[in-house]
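Commentary on secondary and tertiary structure
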Amino acid sequence: MRSAFVLPEKRMELLHALLRSGYKARMHGCEYFVRKDKFVLTIALNPEWNLARVRRAAWNFSESVEAGRRVEAMIRGIDPGIAIETY
């Protein structure tokens, strides 16, 4: 089953949700680089496999954990059926 993120407008919706939430984010295809005060995480979407991978920044762990929770909620808000792996 494919993810809703196969559509470019859904990927843009995630980018705009990140920006509205106060994050600084850059999108490159299906990858996002996310900052708050410092770099907090990367998101790699694989819509063909219905999978999102969220990787936290080890050097900014406390801020990364909080950002990870919020970002997972944003991803699920756009595609509730997607599998999310967090590292």
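Report on the accompanying structure.

What counts, and at which threshold
Along each chain, residue indices are assigned from 1 in the same order as the chain's sequence is written. In keeping with the predicted nature of the model, local features appear solely for residues at pLDDT of at least 70, side-chain atom pairs appear and are counted solely at 80 or more, and the whole-chain, interface and lining totals rest on all residues. Excluded from the side-chain calculations are hydrogens and water; all other atoms, namely the structure's heavy atoms, are used. Numbering of helices and strands runs from the N terminus; a helix is a DSSP stretch of H or I covering at least four residues, while a strand is a stretch of E covering at least two. Two strands pair under a simple rule: DSSP has to find at least two bridges between them. A crossover counts as right-handed when, viewed with the strands pointing away from the observer, the path leading from the first strand over the helix to the second turns clockwise. Angles run from 0 to 180 degrees between N-to-C directions of axes, and those axes are lines fitted to C-alpha atoms, restricted for helices to the stretch in contact. Any two residues having at least one pair of non-hydrogen atoms within 4.5 Å are treated as being in contact.

This part is about unusual backbone geometry. Residues other than glycine seldom take positive phi values, yet N50 does so here, at roughly 55°. With respect to the element layout, N50 can be found in the loop between strand 3 (39–46) and strand 4 (51–56).

Moving on, we get to the pairing of strand 4. Across 6 bridges, strand 3 lies against strand 4 in antiparallel orientation. In the sheet register, L45 faces strand 4, and the bridge partner there is A52. Where strand 3 folds back on strand 4, the antiparallel hairpin that results is connected by 4 residues, among which N50 adopts a positive phi of roughly 55°. Two strands pair when backbone bridges link them, and strand 4 and strand 5 (residues 83–86) are joined in this way by 4 bridges, in the parallel orientation. Considered in strand 5, the bridge of L51 is made with A83. Remark: the strand 4/helix 2 (residues 61–78)/strand 5 crossover connection has right-handed handedness.

Moving on: the sheet that holds strand 2 (residues 31–35). Read from one edge to the other, the open sheet built from 5 strands follows the order 1-2-3-4-5, with strand pairing classed as mixed. Here the strands that pair on one side only, and so sit at the sheet edges, are strand 1 (24–28) and strand 5. Sheet twist, expressed as the average angle between the axes of neighbouring strands with direction ignored, equals 15°. Of the strands in this sheet, strand 1, strand 2 and strand 3 are in contact with helix 1 (residues 8–20), which crosses strand 1 at around 165°. Each of strand 3, strand 4 and strand 5 is contacted by helix 2, which is oriented at about 35° to strand 3, the strand it contacts most.

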